[in-house]
Amino acid sequence: MKKIAVLGYGVVGSGVVELFYRNQKKIEKNTGTSLEVGYILDLRDFPGDPYADKVVHDIQVILDDPEVGYVAECMGGVNPAFDFVRRCLEAGKSVATSNKQLVAEKGDILLQIAKEHHVNFFFEASVGGAIPIIRPLHTCLAANDISAVAGILNGTTNFILEKMIHANMSFADALELAQKKGYAEKDPSADVDGGDACRKICILSSLVFGKHVYPDQVFTRGIRDVTLEDVKLACDFGGVVKLIGAVKRLEDGRILPTVMPMVVLNDSLLSHVNGVFNAVMVWGDGIDKTMFYGRGAGKLPTASAVLGDIIDEVKKKDTVLSQSWEPAAEGNDFVAPVSEFYAPRCYRTSPCGSGVFARVAEEVGVELINTRENGCMIGSCGQKKAEAFKQKLAAEGVAILSRIPVLAE
Ligand code: HSE
């Protein structure tokens, strides 16, 4: 008999316990191991809960029990999760976590500790909830030279944008609805300002490109400033506005991770990802591109990924090195600044004739792809040309009301 300890009995932690007992026999058959949830660590008590007798308040109880081989960390945040996870790994227990902040900020350290103690630190649930993406990246797709990853990594903002696009709701009304439905927190900043998606793209970037990428290295812009006029203009140009977390490798080997609202054209599969669903597109030299799609959050979808990790841990006897990465590079020679970002762009403007857009585009040396009375789309260019285009339009008396890059696939 081996025991699983669950740290944190909130939404995800309680989902882990529920799903484990629902499918215990199948999980035991799959792993060939008799398993039990031995402990649930939480500050609170849960009188009346069917698993109330498993609740403990001291991590030491878990650390001292040699029968605990596997730990599901579902607390969230860095403190005290980092300390607890570190001590579990040092005590020879494998850990599976759903905690994206912990992995984005401390992943390299925890992976190193896991390696030194011949155990695993798995984090499938930290990106995309139920979607298998971490494991495919370092196993099924491992033969590829992966050049880019881009996706809808936050369900709350995707729900809000969908309501703006398809139900004509303002950002404020759509946010209120998301809060009513329990998708957005009372303080929605982590979702709407892009922080949540930023942590997820840090994890994907680190895993794919092999060096730790920290949240403060990622250009991050949320969706607070996106207006109904912006989504309507995107629609006129044959696209939808989505919050896109992306990373691509530049020609010189550096990488450029970003989180920002982007126009996704209707011929991209990503444009059809609606509601709270997430999707991740991966580009590799063998696969061309592959998309992963599913529920990016929620109790049982996230629990499914945590338990999948634990099942893998039970079957594996030593550290899985293929999912590790190195500490962050010294200096700033790995993550390129956003000034090196290239993309087509949509500009929303004050009323302007297409002749003016065409003249300015020619002067700046960018392709004019499409125009409307209140905006235009130009071809792929860097920040310098994009800025020049904006300046020259301004000199013509045209006000630039917003600028949204277009996802080029
Ligand atoms: N709040 C996140 C989302 C879920 O809306 O996608 C957890 O990462």
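The text that follows walks through the structure, step by step, so that each part is easy to find.

The rules behind each value
Residues numbered from 1 in each chain as written. Predicted model: local features only at pLDDT ≥ 70, side-chain atom pairs only at ≥ 80, totals over all residues. Heavy atoms only, no water. Helix = DSSP H or I, 4+ residues; strand = E, 2+ residues; numbered from the N terminus. Rg over C-alpha atoms; globule rule 2.2 N^0.38 Å. Buried < 20%, exposed > 50% of the residue type's maximum accessible area, 1.4 Å probe, protein only. Contact = heavy atoms within 4.5 Å. Near = heavy atom within 4 Å. Areas by Shrake-Rupley, 256 points an atom, 1.4 Å probe, with all protein chains shown as cover. Nonpolar A, V, L, I, M, F, W, Y, C, P; charged D, E, K, R; others polar. Salt bridge = Lys/Arg side-chain N within 4 Å of Asp/Glu carboxyl O. Phe/Tyr/Trp six-rings, centres within 6.5 Å; stacked < 30°, edge-to-face > 60°. Arc of directions from axis to C-beta. Axes fitted to C-alpha atoms, helices over the stretch in contact; angles between N-to-C directions. Left-handed = near helix turned anticlockwise from the far one by under 90°. Core = buried A, V, L, I, M, F, W, Y, C linked by side-chain atoms within 4.5 Å.

### Examining the overall build of the protein chain
Inference 1: Scanning the protein chain from terminus to terminus reveals 14 helices and 16 strands.
Inference 2: Scaling as 2.2 N^0.38, a compact globule of 409 residues should have a C-alpha radius of gyration of about 22 Å, and the protein chain matches this with 23 Å.
Inference 3: Over its C-alpha atoms, taken along the principal directions, the protein chain stretches across nearly 75 × 45 × 35 Å.
Inference 4: Taken over 409 residues, the protein chain has a buried fraction of 54%.
Inference 5: Relative to all contacts within the protein chain whose residues are 6 or more apart in sequence, the contacts with residues 24 or more apart total 72%.

### Digging into the site of the ligand
Inference 1: Close to the ligand lie Lys100, Asn154, Gly155, Thr156, Asp191, Asp196, Lys200 and Ala297, which account for all nearby residues.
Inference 2: Contact with the protein chains removes 80% of the 260 Å² of surface that the ligand exposes when unbound.
Inference 3: Those elements that place two or more of their residues in the shell around the ligand are helix H7 (155-167) and helix H10 (195-209).
Inference 4: Of the residues that constitute the shell around the ligand, the class distribution is one nonpolar, three polar and four charged.

### Brief notes about the pattern of salt bridges
Inference 1: In the structure shown here, the tally under the stated rule is 25 salt bridges.
Inference 2: As a salt-bridge pair, Arg44 and Asp42 come within 2.9 Å of each other at their nearest N and O atoms.
Inference 3: Judged by relative accessible area, which is 44%, Arg44 ranks as partly exposed.
Inference 4: Salt bridges here are not isolated pairs; linked through shared partners, they connect Glu124, Arg135, Asp309, Asp312 and Lys316.

### As for unusual backbone geometry
Generally, phi is negative for residues other than glycine and the peptide bonds are trans, each holding for most cases.
Inference 1: Put simply, Asn79 and Pro80 share a cis peptide bond, and its omega is 5°.
Inference 2: Mapping Pro80 onto the fold places it in the loop between strand S4 (68-73) and helix H4 (81-90).
Inference 3: One non-glycine residue, His118, lies in positive phi territory at about 55°.
Inference 4: Counting through the fold element by element, His118 comes out in the loop between helix H5 (100-116) and strand S6 (121-122).
Inference 5: Backbone geometry at Asp288 places phi at a positive 65°, although glycine is not the residue there.
Inference 6: Summarising the element assignment, Asp288 is placed in strand S12 (residues 288-295).

### Describing the packing of aromatic side chains
Two measures describe an aromatic ring pair: the distance that separates the ring centres and the angle between the ring planes.
Inference 1: What the rule picks out here adds up to eight aromatic pairs.
Inference 2: Seen in terms of ring centroids, Tyr21 and Tyr51 are 4.9 Å apart; in terms of plane orientation they differ by 10°. Their pairing is stacked. Of this pair, Tyr21 sits in helix H1 (residues 11-22) while Tyr51 sits in the loop between strand S2 (35-41) and strand S3 (55-56), and the two are 30 residues apart along the sequence.
Inference 3: Of the residues examined, Tyr51 reaches a relative accessible area of 22% and is grouped as partly exposed.
Inference 4: A ring pair is formed by Phe159 and Tyr183, whose centres lie 5.0 Å apart and whose planes are at 70°; its orientation type is edge-to-face. With Phe159 in helix H7 and Tyr183 in the loop between helix H8 (171-180) and helix H9 (189-192), the pair connects residues that are 24 residues apart, well separated along the chain.
Inference 5: Looking at Tyr183, the relative accessible area reads 33%, which means it is partly exposed.
Inference 6: Through a chain of ring-to-ring contacts, the aromatic side chains of Phe20, Tyr21 and Tyr51 assemble into a single cluster.

### Some words on the environment of Glu326
Inference 1: One can find Glu326 in the loop between helix H12 (299-315) and strand S13 (343-349).
Inference 2: Placed 162 residues apart in sequence, Glu326 and Met164 show a C-alpha to C-alpha distance of 41 Å.
Inference 3: For Glu326, the residues in contact, after removing those within four places along its chain, are Asp108, Gly210, Lys211 and His212.

### Regarding H8
Inference 1: Regarding H8, the residues found buried are Phe171, Ala174, Leu175 and Ala178. One face of H8 carries all of its buried residues, which in axial projection span an arc of 100°.
Inference 2: The inward-facing, buried residues of H8 contact H7 and H9.
Inference 3: Once H8 finishes, Gly182 follows within two positions and takes phi at roughly 85°, a positive value.

### Focus on the environment of Asp45
Inference 1: By the secondary structure assignment, Asp45 is in the loop between S2 and S3.
Inference 2: Residue classification places Asp45 among the exposed residues on the basis of a relative accessible area of 54%.
Inference 3: Each C-alpha atom of the pair Asp45 and Glu67 lies 23 Å from the other, and the pair is 22 residues apart in sequence.

### Brief notes about the packing of helix H2 (residues 24-31) against H12
For any two helices packed against each other, one specifies the inter-axial angle together with the distance between the axes.
Inference 1: One way to put it is that H2 packs onto H12 with a least axis distance of 9 Å and a crossing angle of 35°. The way H2 lies across H12 gives a crossing that is right-handed. Counting all contacts with H2, which are made through Ile27, Asn30 and Thr31, the residues of H12 involved are Ile311, Val314 and Lys315.
Inference 2: Split by residue class, the contact of H2 with H12 holds three nonpolar, two polar and one charged.

### Some points on the nonpolar core
Inference 1: If you look at the biggest cluster of nonpolar residues, it comprises 82 residues, and the most contacted ones within it are Phe121, Ile133, Ile160 and Leu204.
Inference 2: Take this core: its biggest share by element is nine residues, from H10.
Inference 3: Filtering out sequence-adjacent residues up to four positions away, Leu204 remains in contact with Val127, Ile133, Ile134, Leu137, Val149, Leu153 and Val280.
Inference 4: Judged by nonpolar contacts, the second largest core, of 27 residues, contains Val6, Val17, Cys74 and Ala96.

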